[in-house]
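Now for the letters of each chain:
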Amino acid sequence: MPKRKKKIIVIGGGLTGLSLAMKICERNAEVVIVSYQSLKRSHSVCAQGGINAAIDARNEGDSPENHFYDTIKGGDFLAHQPLVRDMCYQAPAIIHLLDRIGVAFNRTGEGHLEFRRFGGTLYSRTAFAGATTGQQLVYALDEQVRRFQHDGAVKTLEWHEYLGAVLDSQGICRGAVLQDLRTNTVFTLAGDAVVLATGGPGQVYVRSTNSTVNTGAAATMAYLQGARYGNGEFIQIHPTAIPGPDKLRLMSESARGEGGRLWVPRNAGDARPPKSIPDSGRNYFLEEKFPLFGNLVPRDVASREIHDIVYNQNLGIAGEPMVYLDLTHKSKDYLEDRLGGIIDIYKKFTGEDPKDVPMKIFPAVHYSMGGLWTDYETDGNGMIEHGSPRNQATSIPGLYAGGEADYQYHGANRLGANSLLSCIYTGLMMCRGIFTYIENQDKSVDDIPSTTFGDSRNHWESRLNEIKAMKGSENPYQLHRDLGDIMMGNVLIVRENKKLEKTIREIDDIKTRFKDVNCVDSTDWANPTPSFINQLYCMIELSRVITKGALMRDEFRGAHYKPEFDLKQPSKFDPHEYIDYLEKKNYGEVSEDAFPEGHLEYMKRFEANNDNWLKSTIAEYKNNKPEISYEPVDTSIVTPRPRKYD
Amino acid sequence: MNKKIVKLKIKRQDKPDAQTYWQEFTIPYKERLNVIACLQDIQRNPTTQSGESVNPVTWDCNCLEEVCGSCTMLINGKVRQACTALIDSLEQPVLLEPMSKFPVVRDLQVDRSRMFENLKKVKAWVEIDGTHDIGEGPIMSDKVRAQRYALSECMSCGCCLEACPQFSLTNNFMGAATFSQVRLFNLHPSGSMLKEERLDAVMGEGGITDCGNAQVCVEVCPKSIPLTESIADIGRQTTLQTLKNIFVK
């Protein structure tokens, strides 16, 4: 352990990177934030609806324990329970911190924090700042980081791209290889630890609710360097987005949290304008099917129902793949105050005002529950050991990951308003463990020969030069589109093995075409093309992880829906029956007549399926392809059981 | 059938000190096209209208829904975000130019770091004791929150500075965006503890007194932030501060 200050390199200036940087500064260490662009512009600004914390401000009887249960159930029991529990218990303190640093959260009459409803819960648990909560949180954290920057504690490298980790002879991460996106020079930065807070990979699908920087390239590069990647196939499809040629723009779940209703005309081909269709002519399909949760069923459920209405029942608006999201029954002032941000977006892109006319929306790729495999440690009582160097550590020593780039918090489906929470929670939480890690190193980065860094730099310099020299016939931006089309066509809401097998072959074709890429710009100042081609390479590799994971997982869990493996829950089934069944089983054979007809059989199917599949998918890059294995999930706190929202 | 097309005329510059030049592009029309989608189309087929293969145009963008502020440029002479600039509502050929009040990096990309430096000068943050759990934040009325929220939607896009006759490439005027942030933080109960330092920062060179009151900033703000109100308010706050500096100190 050297006498100098510890030096931590944080890749990414979104919520996770900023929270962590702030925490590191408080502990008097050096931090370098590397960002692809100016810090205020990260993708976290796109989060709209809010951030969850069970403060129970409305006296509904909410508690962190309820928040924990809803999150685990929402994720179809694939999330790591001790971590999720800790996150939910820390959530109120996180909201209070955000409030203290000046986030303009909406407030109650007495001046306390206001909360609203969100999907997958029956409680008002979501704190919000209009409908641009993510933007407001990024700004507040950015301001804190700027404060430390002003005091000289933070160094920022904006307009720099992370290319890979510097690994020493033992495979320990000793720094990062970076590219200056203006001068296009490649250099290495030595650090005691490197953290990937680099967000999700929505660009693998090209058109999604994600920003253009969300290529997942940094996390994929870690995977290509030997890090394990977890649950890649679990991609969240958000039910409500505006279709568009360049992007599918998110229409926040908060629209439904504030009373928005999804519907389609009851009769296919009913061409009347929406406002002139009476209630009797409207099919409020979520409210009808899920009387308890209604429009606020979790996202995986809502997206599947929209898909079913449009493609199986052919009830999309005017035969198009779209349904109405209707807010017109709410007062204009209320909507402007609570949802102004998204109403503006809708107006600007469609020319219609959602206060007057129902919005037309369709599901879109939104979030990756999967990401880099990261570790954690619990104490003897199953609580998170906050000082453990294992927390948020990837399988490459010295390389950490958090936020959307990790994989543990959302299981098979993320609940709305939990992403901002997991981003900030992981950012704040991992700090102590990283310090312990650095203190425990017998050999510091100062003892690593300079050739290790030189070799890494040379490797990347020649890699980018090779790319620049590519003079084939494929335009890389077009090839990216083609990859996106393949993924959109086959690895979305409904997944079928035959199509997935075909997709793997089609991705191989893309990989072959990649070799024939033309680097359409080979200049050496602020040239984004070589860097994009490298990102495209990563996206192709990641699409293989996603697709292979999806092909191999023969079950239906959360966002991963394979109709072939639907266990067909009986309509009157009560999830508590399953707990009852497990208990009865402890005492011996369960008799057929202990449960309503068909239920026992269903429960046996459910149990057998969990034995096979209630596991994390782990992808490792071996022999130039993803090798998939499975490992157990910690379900020690809540017994996994069938989900039900009606 | 007559195929519809979109015509674009783009001002290009290879390097910060290089000569500028114009190039024209034609791309196939699609419904709901915005300027970003056109630029992406040019990336996929970087050929000018006259058939010359060129380097794809470079520009900054990220969120594509007008919350990140990246893709600000001059479109038909007007400063705005390219993502919300829909082709259907633009006259053609669509003229694209980089912002003129910030140094050009390449093509439509500019360096707006001056804006972030100004935020440091005025200490645009709330000073807190630490990130540890010390309970709830200050009580605040929803009315003040609404006022703060409107100011806090500023995405540092720079439209107000581009339009401002006072703000130039070579002077050090802070501009409306910065003054408005001073107001934002002075409105916060704990943020206001740095009020005097912030006001002192905008009372110096390049500060509030340099504002020529042209009022164009508020017209071009994509988030409809009440910038002129902020300028007036900070004007009042600094006047009081001046008196205080004379009589109290």
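Parameters and conventions
- Residues numbered from 1 in each chain as written.
- Chains lettered and ligands numbered in written order.
- Predicted model: local features only at pLDDT ≥ 70, side-chain atom pairs only at ≥ 80, totals over all residues.
- Heavy atoms only, no water.
- Helix = DSSP H or I, 4+ residues; strand = E, 2+ residues; numbered from the N terminus.
- Rg over C-alpha atoms; globule rule 2.2 N^0.38 Å.
- Buried < 20%, exposed > 50% of the residue type's maximum accessible area, 1.4 Å probe, protein only.
- Contact = heavy atoms within 4.5 Å.
- Lys, Arg positive; Asp, Glu negative; His and termini not counted.
- Charge placed at Lys NZ, Arg CZ, Asp CG, Glu CD.
- Pairing = 2+ DSSP bridges.
- Axes fitted to C-alpha atoms, helices over the stretch in contact; angles between N-to-C directions.
- Salt bridge = Lys/Arg side-chain N within 4 Å of Asp/Glu carboxyl O.
- Domains from an automatic or database assignment.
- Buried area = accessible area lost by both parts, 1.4 Å probe.
- Polar contact = N/O pair within 3.5 Å; in protein donor to acceptor, adjacent residues only side chain to side chain.
- Patch = residues over 30% accessible without salt bridge, like charges linked within 9 Å, V, L, I, M, F, W, Y side chains within 5 Å.
- Areas by Shrake-Rupley, 256 points an atom, 1.4 Å probe, with all protein chains shown as cover.
- Nonpolar A, V, L, I, M, F, W, Y, C, P; charged D, E, K, R; others polar.
- Core = buried A, V, L, I, M, F, W, Y, C linked by side-chain atoms within 4.5 Å.
- Phe/Tyr/Trp six-rings, centres within 6.5 Å; stacked < 30°, edge-to-face > 60°.
- Lys NZ or Arg CZ within 6 Å of the ring centre and 35° of its normal.
- Expected span 1.5 Å × (residues − 1).

Draft legend 1. A look at the overall build of chain A. When its secondary structure is counted, chain A shows 16 helices and 21 strands. On C-alpha atoms alone, chain A measures out to a radius of gyration of 24 Å, which is about the 26 Å that the 2.2 N^0.38 rule sets for 646 residues. Overall size of chain A, expressed as C-alpha extent along the three principal axes, is 70 × 60 × 55 Å. Looking at chain A residue by residue over its 646 residues, the buried ones come to 66%.

Draft legend 2. View of the overall build of chain B. Within chain B, the regular secondary structure consists of eight helices and seven strands. By principal-axis analysis of the C-alpha atoms, chain B measures approximately 75 × 40 × 30 Å. Taking all 249 residues of chain B together, 55% fall into the buried category. When contacts within chain B are restricted to residue pairs at least 6 apart in sequence, those whose partners lie at least 24 apart make up 63%. A gap of 3 Å separates the mean positions of the 29 positive and 30 negative side-chain charges of chain B.

Draft legend 3. Expanded view of the sheet that holds strand β21 (residues 625-632) of chain A. All names here are of chain A. Spatial strand order, β18-β11-β20-β21: four strands in an open sheet with antiparallel pairing. Pairing within the sheet leaves two strands with one partner each, and these edge strands are β18 (371-372) and β21. The sheet contact formed by strand β20 (residues 615-622) and β21 spans eight bridges and is antiparallel. Residue Tyr621 lies in a different strand from β21, and its bridge partner there is Pro626. The sheet contacts of helix α5 (residues 217-224) involve β11 (229-230), β18, β20 and β21, and relative to β20 the element is tilted by about 70°.

Draft legend 4. Here's a closer look at the pattern of salt bridges. Residues and elements named next belong to chain A. Within the structure shown, the criterion is met by 62 salt bridges over all chains. Among the salt bridges present, the one from Lys562 reaches Asp554, with a minimum N-O distance of 3.0 Å. Residues Lys622 and Glu627 are paired through a salt bridge, measuring 3.8 Å at the closest nitrogen-oxygen approach. The class of Glu627 is partly exposed, set by a relative accessible area of 38%. Through salt bridges with shared partners, a single ionic network connects Arg58, Glu114, Arg116, Glu258 and Arg338.

Draft legend 5. Structural view of the pairing of strand β4 (residues 78-81) of chain B. Residue and element names in this part refer to chain B. By the alternation rule, side chains of β4 split into Val79 and Gln81, which are all buried, and Lys78 and Arg80, of which none is buried. Pairing between strand β3 (residues 72-75) and β4: four bridges, direction antiparallel. Residue pairing across strands places Met73 opposite Arg80, the latter belonging to β4. The hairpin turn running from β3 into β4, its antiparallel successor, is two residues long, and Asn76 in that turn takes a positive phi close to 50°.

Draft legend 6. Structural detail: the pairing of β20(A). Residues and elements named next belong to chain A. Strand direction decides the pairing type here: β11 and β20, joined by two bridges, are antiparallel. For Gly230, the partnering residue across the bridge sits in β20 and is Ile618. Where β20 folds back on β21, the antiparallel hairpin that results is connected by two residues, among which Asn623 adopts a positive phi of roughly 50°.

Draft legend 7. Seen up close, the sheet that holds strand β2 (residues 30-35) of chain A. Residues and elements named next belong to chain A. One open sheet accounts for five strands, arranged β6-β2-β1-β10-β19; its pairing is parallel. The open sheet has two edge strands, β6 (154-158) and β19 (399-401), and neither has a second partner. Across the sheet, the mean angle separating the axes of adjacent strands is 20° when strand polarity is ignored. Across five bridges, the pairing between strand β1 (residues 7-11) and β2 is parallel. Across the sheet, the residue bridging to Val10 is Ile33, located in β2.

Draft legend 8. Inspection of the domain arrangement of chain B at higher detail. Residue and element names in this part refer to chain B. What the domain assignment lists for chain B is domain 1 (5-110) and domain 2 (113-247). Between domain 1 and domain 2, the contact holds 14 residues from the first and 14 residues from the second. Buried area between domain 1 and domain 2, both sides added, is near 1200 Å², and the carbon and sulfur share of it is 59%. Ranking the residues of domain 1 by area buried against domain 2 places Val79, Lys101 and Phe102 at the top, with a combined share of 50%. Inspection of the region where domain 1 meets domain 2 yields one salt bridge. Residue Lys223 pairs with Glu66 through a salt bridge whose shortest N-O separation is 3.2 Å. Scanning the region where domain 1 abuts domain 2 turns up five residue pairs in polar contact (both at pLDDT 80 or more).

Draft legend 9. Highlighting a negative patch on the surface. Together, Glu589(A), Glu592(A), Asp593(A) and Glu601(A) give the surface a local cluster of negative charge. When its relative accessible area of 56% is taken as the criterion, Glu601(A) is described as exposed.

Draft legend 10. Examining the interface of chain A and chain B more closely. Counting residues at the interface gives 72 residues for chain A, matched by 74 residues for chain B. Summed over both sides, the interface between chain A and chain B buries roughly 6100 Å², with carbon and sulfur atoms accounting for 51% of that surface. Taken together, chain A and chain B are joined by six salt bridges. Across the pair Arg106(B) and Asp521(A) runs a salt bridge, and its minimum N-O distance is 2.8 Å. The interface formed by chain A and chain B holds 39 residue pairs in polar contact (both at pLDDT 80 or more) in total. Elements with a contribution of two residues or more to the side of chain A that touches chain B: α1 (15-26), α3 (81-100), α4 (133-150), β13 (249-250), α9 (332-350) and α12 (476-490) of chain A. By residue number, the principal contributor to the side of chain A that touches chain B is α4(A), which donates nine residues. In terms of residue class, the side of chain A that touches chain B is built from 25 nonpolar, 27 polar and 20 charged.

Draft legend 11. Fine view of the nonpolar core. Residues and elements named next belong to chain A. Counting 121 residues, the largest nonpolar core has Ile24, Ile51, Leu98, Phe105, Leu137, Ile424 and Ile434 as its most contacted members. Setting aside anything within four residues of it in sequence, one finds Ile424 in contact with Leu15, Ser19, Ile51, Ile94, Leu98, Leu137 and Leu141. Core analysis: the second largest hydrophobic core is formed by 73 residues, Ile9, Ala165, Val186 and Val545 among them.

Draft legend 12. Local environment of the packing of aromatic side chains. This structure, assessed with the given rule, holds 18 aromatic pairs over all chains. With a centroid separation of 5.9 Å and an interplanar angle of 70°, the aromatic rings of Tyr400(A) and Tyr437(A) are classed as edge-to-face. With Tyr400(A) in strand β19 and Tyr437(A) in helix α10 (residues 419-440), this pair connects stretches of sequence that are 37 residues apart. Comparing Tyr400(A) with Tyr437(A), the two get one shared label, buried. For the pair Phe102(B) and Phe167(B), a centre-to-centre distance of 5.6 Å together with 50° between the ring planes defines the contact as tilted. Placement of Phe102(B) in the loop between β5 (94-97) and β6 (104-106) and of Phe167(B) in the loop between α4 (159-163) and α5 (176-186) is noted, with a sequence separation of 65 residues between them. The exposure class of Phe167(B) is buried, given its relative accessible area of 1%. An aromatic cluster of three or more residues is present, and its members are Phe573(A), Tyr578(A), Tyr581(A), Tyr602(A) and Phe606(A). The lysine or arginine in question, Lys40(A), covers the ring of Tyr139(A), its NZ or CZ lying 4.2 Å from the ring centre. Seen from the ring of Phe128(A), Arg116(A) lies directly overhead, with NZ or CZ sitting 3.9 Å from the centre.

Draft legend 13. How the structure looks around α9(A). Residues and elements named next belong to chain A. With 19 residues, α9 should cover 27 Å at 1.5 Å per step; its first-to-last C-alpha distance of 18 Å lies more than 12% under that length. Taken together, the buried positions of α9 are Leu335, Arg338, Leu339, Gly340, Gly341, Ile342, Ile343, Ile345, Tyr346 and Phe349. Those residues of α9 that are buried lie in contact with β4 (115-117), β12 (235-242), β13, α6 (254-257) and β17 (359-368). Following α9 by one or two positions, Gly351 adopts a phi angle in the positive range, close to 80°.

Draft legend 14. Examining the domain arrangement of chain A more closely. Residues and elements named next belong to chain A. With domains assigned, chain A is organised as domain 1 (7-235 + 367-451) and domain 2 (238-363). Taking the mean C-alpha position of each, domain 1 and domain 2 sit 31 Å from one another. At the interface, 26 residues of domain 1 touch 26 residues of domain 2. Interface area, domain 1 with domain 2, both sides summed: about 2100 Å², of which 54% is carbon and sulfur. When the buried surface of domain 1 facing domain 2 is broken down by residue, Gln48, Arg207 and Thr209 rank first, second and third, together holding 27% of it. The interface formed by domain 1 and domain 2 includes two salt bridges. A salt bridge links Glu114 to Arg338, with the nearest nitrogen and oxygen atoms 2.8 Å apart. The interface formed by domain 1 and domain 2 holds 13 residue pairs in polar contact (both at pLDDT 80 or more) in total. Residue composition of the side of domain 1 that touches domain 2, grouped by class: seven nonpolar, 13 polar and six charged.

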